[in-house]
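# Chains, contacts and geometry: an overview
Here's the letter readout for the chains.
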Amino acid sequence: AAAAAAAGGANGGASADGGAGATPQAGAINFRTAAPTLTHRAFVELERAGKLRYLITQNVDGLDQRAGFPRGKMAVLHGCVFEEKCEDCAKIFFRDDDVGTISFQPTGRRCEACGGVLRDMLLDWEDPLPEDEFERSGDECEAADLVLSLGSSLRIEPAGSLPAKARRFIIVNLQKTPKDSAAALVVRTRVDTVMAEIMKELLGLVPDAEGRRWVPQ
């Protein structure tokens, strides 16, 4: 099984890393209307088939979860604009809309399980990474047969060094990264292009006519 570090955009742009404090601004993308790409949906299919053990993301857009990837098998290192967490029982809720705050502030809602105060999970620039998720990310990378770093500049630390913990890791990114020399393979193309080949070879699936979902070839 491989652990995929999906730290950047699905098309492989190095500027797509979901940095801390990356909350929607005027004129920016509307995360609520953004739709999962073929790559997000590929993660779901690969996990269901037992080919993908763990997913690590620095993106804050929640598209992996919208595609159906299980939260318990992924690390959201920089937080998500749609998530809020109970300060008492630690239950996480994924909402349809941006929870509206940043840096672990109360969102104004109460936990549906225990009544505790709900706080956002979106990091500001000076906030530390969630310790439990970061530690598990390191453990999963060390245990993986292969780590795929997809669409990430690998410049935002400490997450950028996670792939190097693996026995082997492959980088798929349009631009150069600081970790290129240590990678087993570097592929300069869009992530969706690489995932199409992986899905065809491993699962016999290809994009549908609209290029939105995976179907048998």
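The structure we're discussing is the one just above.
Next up on the list: the overall build of the protein chain. Helix and strand counts for the protein chain come out as 4 helices and 12 strands. Here the protein chain, with 217 residues, has 49% of them falling under the buried criterion. Long-range pairs, those at least 24 residues apart, make up 54% of the contacts in the protein chain with a sequence separation of at least 6. For the protein chain, the accessible area works out to roughly 10,400 Å², and carbon and sulfur atoms hold 49% of it.

Here we take up helix H3 (residues 131–143). Taking 1.5 Å per residue, 13 residues should reach 18 Å; H3 reaches 18 Å between its end C-alpha atoms and fits that length. Listed in full, the buried residues belonging to H3 are Glu133, Ser137, Gly138, Glu140 and Cys141. Down the axis of H3, the buried side of the element spans an arc of 165°, and every buried residue falls inside it. Of the exposed residues in H3, the ones pointing more than 90 degrees away from its buried face are Glu131, Asp132 and Asp139.

Inspection of every chain in the model, using the stated rule, returns 1 aromatic pair. Judged by centre distance (5.8 Å) and plane angle (50°), the rings of Phe82 and Phe94 are tilted. Residue Phe82 is located in the loop between strand S3 (74–76) and strand S4 (83–86), and its partner Phe94 is located in strand S5 (residues 92–94); the two are separated by 12 residues in the primary sequence. Directly above the ring of Phe82 sits Arg66, whose terminal nitrogen or CZ lies 4.3 Å from the centroid.

Turning our eyes to something else, we now look at the state of the cysteines. Here the structure, examined in full by the defined rule, presents 0 disulfides. Considering cysteine sulfurs only, Cys89 is the nearest to Cys111, which forms no disulfide, with 3.7 Å between them. Under the relative-accessibility criterion, Cys111 is labelled buried at 5%.

What follows is about the sheet that holds S5. Read across the open sheet, the 4 strands follow the order S5-S4-S7-S6; overall the sheet is antiparallel. In this open sheet, the two strands that pair with only one neighbour each are S5 and strand S6 (106–110). Averaged over all neighbouring strand pairs, the angle between strand axes comes to 35°, with direction disregarded. The sheet contact formed by S6 and strand S7 (residues 117–120) spans 2 bridges and is antiparallel. What sits directly across from Pro106, in S7, is Arg119.

Here we take up the pairing of S7. Here S4 pairs with S7 via 3 bridges, running antiparallel. Within the sheet, the bridge partner assigned to Glu84 lies in S7 and is Asp120. Joining the antiparallel neighbours S6 and S7 is a turn of 6 residues, in which Gly115 adopts a positive phi near 85°.

Now for the packing of helix H1 (residues 38–48) against helix H4 (residues 191–203). In the contact formed by H1 and H4, the axes pass within 9 Å of each other and the chain directions differ by 30°. Relative to H4, the element H1 is oriented roughly parallel. Note on packing geometry: the crossing formed by H1 with H4 is left-handed. On H4, the residues touching Leu38, Thr39, Ala42, Phe43, Glu45 and Leu46 of H1 are Val191, Asp192, Met195, Ile198, Met199, Leu202 and Leu203. Residues that form the contact of H1 with H4 fall into these classes: 10 nonpolar, 1 polar and 2 charged.

Scoring rules and cut-offs
- Residues numbered from 1 in each chain as written.
- Predicted model: local features only at pLDDT ≥ 70, side-chain atom pairs only at ≥ 80, totals over all residues.
- Heavy atoms only, no water.
- Helix = DSSP H or I, 4+ residues; strand = E, 2+ residues; numbered from the N terminus.
- Buried < 20%, exposed > 50% of the residue type's maximum accessible area, 1.4 Å probe, protein only.
- Contact = heavy atoms within 4.5 Å.
- Areas by Shrake-Rupley, 256 points an atom, 1.4 Å probe, with all protein chains shown as cover.
- Expected span 1.5 Å × (residues − 1).
- Arc of directions from axis to C-beta.
- Phe/Tyr/Trp six-rings, centres within 6.5 Å; stacked < 30°, edge-to-face > 60°.
- Lys NZ or Arg CZ within 6 Å of the ring centre and 35° of its normal.
- Disulfide = S-S within 2.5 Å.
- Pairing = 2+ DSSP bridges.
- Axes fitted to C-alpha atoms, helices over the stretch in contact; angles between N-to-C directions.
- Parallel < 35°, antiparallel > 145°, perpendicular 65-115°, else oblique.
- Left-handed = near helix turned anticlockwise from the far one by under 90°.
- Nonpolar A, V, L, I, M, F, W, Y, C, P; charged D, E, K, R; others polar.

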